Structures are given as structure tokens and as C-alpha cells.
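Each chain is listed here by its residues.
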Amino acid sequence: MSKNDVTLRVDNVTKRFGEFTAVDDLSFEVRAGRVFGFLGPNGAGKTTTIRMIVGITAPDEGSIELFGHRMSAKMQDHIGYLPEERGLYPSMKAFEAIAFMGALRGLDWGEGRRRAATFMAELGLERVIDEKIRKMSKGMAQMVQLIGSIVHAPDLIVLDEPFSGLDPVNQERLETLVRRERDRGATILFSTHVMAHAERLCDRLAIIARSQRRFEGTVDEARALLPMQVRYAPRTGADDGVIAALLPTDAQRRGDAWHFAIDDAGVEPLLARMTASGHGVAGLSIARPGLHDAFVHIVRQVDAGFAADAAEEAAAEASA
């Protein structure tokens, strides 16, 4: 299937279950050949959104386009989907399970077996190629299902919590597989609670909380929402009050070093003050907070706003 520049477009999508709104006016797009992280706390609406993207359920409002078209049955063969709830036939051997999943997407059975063997060899899993699913560890069976979801070389790969339950070795194998598929030209969307994976893999990401999108951008743009963290140790034994006067008001001394936050614009003036003071620098580190910190910051802001709104509504009802 030929691809437009935008593989996936989610446009003002809302999904309700009774009176509960699981996804609320959500919009984002994923460009072709990119790795896109879809992040959020438990209950934010990630899995519901993913199920709408792959056509399992339909939005109540808004639209979803794949490859420039509305979802249809013929598009299913161009999607690879690893659901959060895993499941394979326990009596099948690993390579047969992979070939079977490929056949469901139109891949020739013999070609599916050949690709299964190639995938498993490249990922160091050749020793379990003839193993029955029932005899495999949970992590190994999950890797088999993952390979089965992409064996037909889909244009769009959607992975719902793919790292859950995997040991560090298989997590690394999965990251390798994601990069391989991206380099092949596939577009990849995945959800995860482990920010380190998203930080290493994603070209772009969206963060949703309480059913709505709260951030969309690059990893660096998310990290830039928080100030940099500085550790400064002066070379001389100057009085604490003298050193504190050079630093931001929130600076705290811990051991032989001072710790504080600073925005980008404050770095050069800080270095100039340190140099001019004559106290020198015995140690200095300036680090941008990671994606984990940015994620927690965004979600906590949403929760704080929600709590404030709820308190205001309660006060209004009490005074009525």
C-alpha cells in the first residue's frame, strides 16, 4: 500500500462507555517511517484509542484515517497489532504460531515459516523455534507473538505495552526489532509505562491524561518543560552565605555541593558569576531532567487542576 506522508491521523476522536468518557476530543498524527510513543497513566484512554486505531471499535465522534483513508477491512493486512492482552495457541510450535499469524494477514504459509525462522535467528531465539508455546516462558511467548504481529511486513505497527513482562534481555531484543522495522520503512506506534524505552526509541510522542491529550512533541521538547538541574561544588572554602548569594534562591547545600534548578537563559550568567567570584569550580554538572520527570510533571499538573476544579464545584454546590 502506498503511504502518504502522514500514516495515521486521529482527528477530534471521542469514545464513551455509558456516562464515562474514555477518550475526549483527542487529536494527533504520526508521520510515515517514524516511531511514535503514546504515553499516559493507567486509565488515561491509551488502549481504547489503540483499539479504535486498529478497527476493533469505532469512535463516537471524530475520525481516524490510515494512509489517507478511513479504516476498512482491506487495510487490516497492512497493520501489525500486538494487543495488551496476549494469547497464542499453546499446542503450536513457535515458528508455526508466527506463520499462522502471518497467514491471517494474507501471508503465504511457507513464506511465513521462512520469515519466522529468519526473525528468530536474528534475535537469538533459534533455540526455541521448535518449542511449543505451552513450554515457553511468558517472556519468550510474548516475543513469539510480537514477531507474529509483524511477520507480514505491515506498514503500520501498533504495540500496546510491548515491554510489559519482558526481562532486560528481551526488552533489548524488542528495541532492536523496533529499530529494524523503522529502518525498513514501517511506521510504529507503541504505548509503554517505561519512559526509558520511549526516550531511546521515539521520534515523537503524545502524553494523555484523564482522557485528553496533554502534550505532543519530541522527547527533547518534553524534557525542556522542566528546568535543568545543577550540582555545583566551589573550589574554595568560602562561607555558605557568600556562595548562596551567587546562586538562585532555591539552592540547597548537600554535603560539599550546592543543588538547584535553573532555566536555559540562566546558565551563562551563572557561569560568569562563578568565574568572577574567585571561588572557582571543583565540580559542576548541569543536566536536563529525563522524560520520566517530564511525564510525571505533566500528569501531576493535570491531576492538580482536576482536584482544584472538583473542590470548586463542591464549594459551589455547598453554598447553593
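Above this text you will find the structure in question.
Computed from a prediction, not measured in an experiment: that's the story for all the values here.

Enquirer: Before we go on, may I ask you to explain the overall build of the chain in this structure?
Expert: Looking only at helices and strands, one finds 10 helices and 14 strands in the chain. Taken over C-alpha atoms, the radius of gyration comes to 25 Å for the chain, far larger than the 20 Å a tight globule of 320 residues would show. Along the first, second and third principal axes, the C-alpha atoms of the chain reach 75 × 60 × 40 Å. When burial is assessed residue by residue, the chain has 44% of its 320 residues classed as buried. Of the roughly 15,700 Å² that the chain leaves accessible, carbon and sulfur atoms contribute 49%. Here the chain contributes 39 positive and 45 negative side-chain charges, whose respective centroids are spaced 6 Å apart.

Enquirer: In this structure, what is going on with helix α1 (residues 46-53)? I would like to understand it.
Expert: Because the α-helix completes a turn every 3.6 residues, residues three or four places apart line up on one side. Counting buried positions over the eight residues of α1 gives six, a clear majority of the element. Of the residues making up α1, those classed as buried are Lys-46, Thr-48, Thr-49, Ile-50, Met-52 and Ile-53. Gly-55 sits one or two residues past α1 and shows a positive phi near 90°.

Enquirer: What is the right way to look at the pattern of salt bridges in this model?
Expert: By the definition in use, this model includes 23 salt bridges. Across the pair Arg-31 and Asp-5 runs a salt bridge, and its minimum N-O distance is 2.2 Å. Linking Arg-31 in strand β2 (residues 20-31) with Asp-5 in the segment before β1 (6-17), this pair joins segments that are 26 residues apart in sequence. By relative accessible area, Arg-31 is classed as partly exposed at 32%. Where salt bridges share partners, they join Asp-5, Arg-9, Glu-29, Arg-31 and Glu-65 into one cluster.

Enquirer: I'm lost on the packing of helix α4 (residues 138-150) against helix α5 (residues 168-184) in this one. Help?
Expert: How two helices pack is summed up by the angle between their axes together with the distance between the axes. Look at α4 against α5: their axes get within 11 Å of each other, and the N-to-C directions meet at 5°. Between α4 and α5, the angle is such that the two are roughly parallel. Across from Gly-139, Met-140, Met-143, Leu-146, Ile-147 and Ile-150 in α4, the residues of α5 making contact are Asn-170, Arg-173, Leu-174, Leu-177 and Glu-181. In terms of residue class, the contact of α4 with α5 is made up of seven nonpolar, two polar and two charged.

Enquirer: Please explain helix α9 (residues 267-277) as it appears in this structure.
Expert: Among all positions of α9, only Val-267, Leu-270 and Met-274 are buried. Burial along α9 is one-sided: seen end-on, the buried residues are contained in an arc of 65°. With respect to the buried face of α9, the exposed residues turned more than 90 degrees away are Glu-268, Thr-275 and Ala-276. Residues of α9 that are buried sit in contact with β11 (228-233), α8 (240-246), β13 (257-262) and β14 (283-287). Trailing α9 by a residue or two, Gly-278 shows a phi angle of about 85°, which is positive.

Enquirer: So what exactly am I meant to see when it comes to the sheet that holds strand β4 (residues 61-66) here?
Expert: In sheet architecture, strand pairing relies on hydrogen bonds along the backbone and comes in two forms, parallel and antiparallel. Taking strand neighbours across the sheet as the criterion, the four strands line up as β2-β1-β4-β5 in an open arrangement whose pairing is antiparallel. Two strands lie at the open edges of the sheet, namely β2 and β5 (69-70), each paired on one side alone. Both β4 and β5 contribute to a ladder of two bridges, which runs antiparallel. Bridging across to β5, Leu-66 finds its partner in His-69.

Enquirer: Looking at this structure, how should I read the pairing of β13?
Expert: Within a regular strand, side chains alternate between the sheet's two faces. With five bridges joining them, β11 and β13 adopt antiparallel strand pairing. Bridge pairing in β13 links Gln-229 to Ala-261. Relative to β13, strand β12 (residues 252-254) is paired through three bridges, and the arrangement is antiparallel. The residue of β13 that forms the bridge with Arg-254 is Ala-257. From the end of β12 to the start of β13, which pair antiparallel, there are two residues, and Gly-255 there has a positive phi angle of about 70°.

About the cut-offs
- Residues numbered from 1 in each chain as written.
- Predicted model: local features only at pLDDT ≥ 70, side-chain atom pairs only at ≥ 80, totals over all residues.
- Heavy atoms only, no water.
- Helix = DSSP H or I, 4+ residues; strand = E, 2+ residues; numbered from the N terminus.
- Rg over C-alpha atoms; globule rule 2.2 N^0.38 Å.
- Buried < 20%, exposed > 50% of the residue type's maximum accessible area, 1.4 Å probe, protein only.
- Areas by Shrake-Rupley, 256 points an atom, 1.4 Å probe, with all protein chains shown as cover.
- Lys, Arg positive; Asp, Glu negative; His and termini not counted.
- Charge placed at Lys NZ, Arg CZ, Asp CG, Glu CD.
- Salt bridge = Lys/Arg side-chain N within 4 Å of Asp/Glu carboxyl O.
- Axes fitted to C-alpha atoms, helices over the stretch in contact; angles between N-to-C directions.
- Parallel < 35°, antiparallel > 145°, perpendicular 65-115°, else oblique.
- Contact = heavy atoms within 4.5 Å.
- Nonpolar A, V, L, I, M, F, W, Y, C, P; charged D, E, K, R; others polar.
- Arc of directions from axis to C-beta.
- Pairing = 2+ DSSP bridges.

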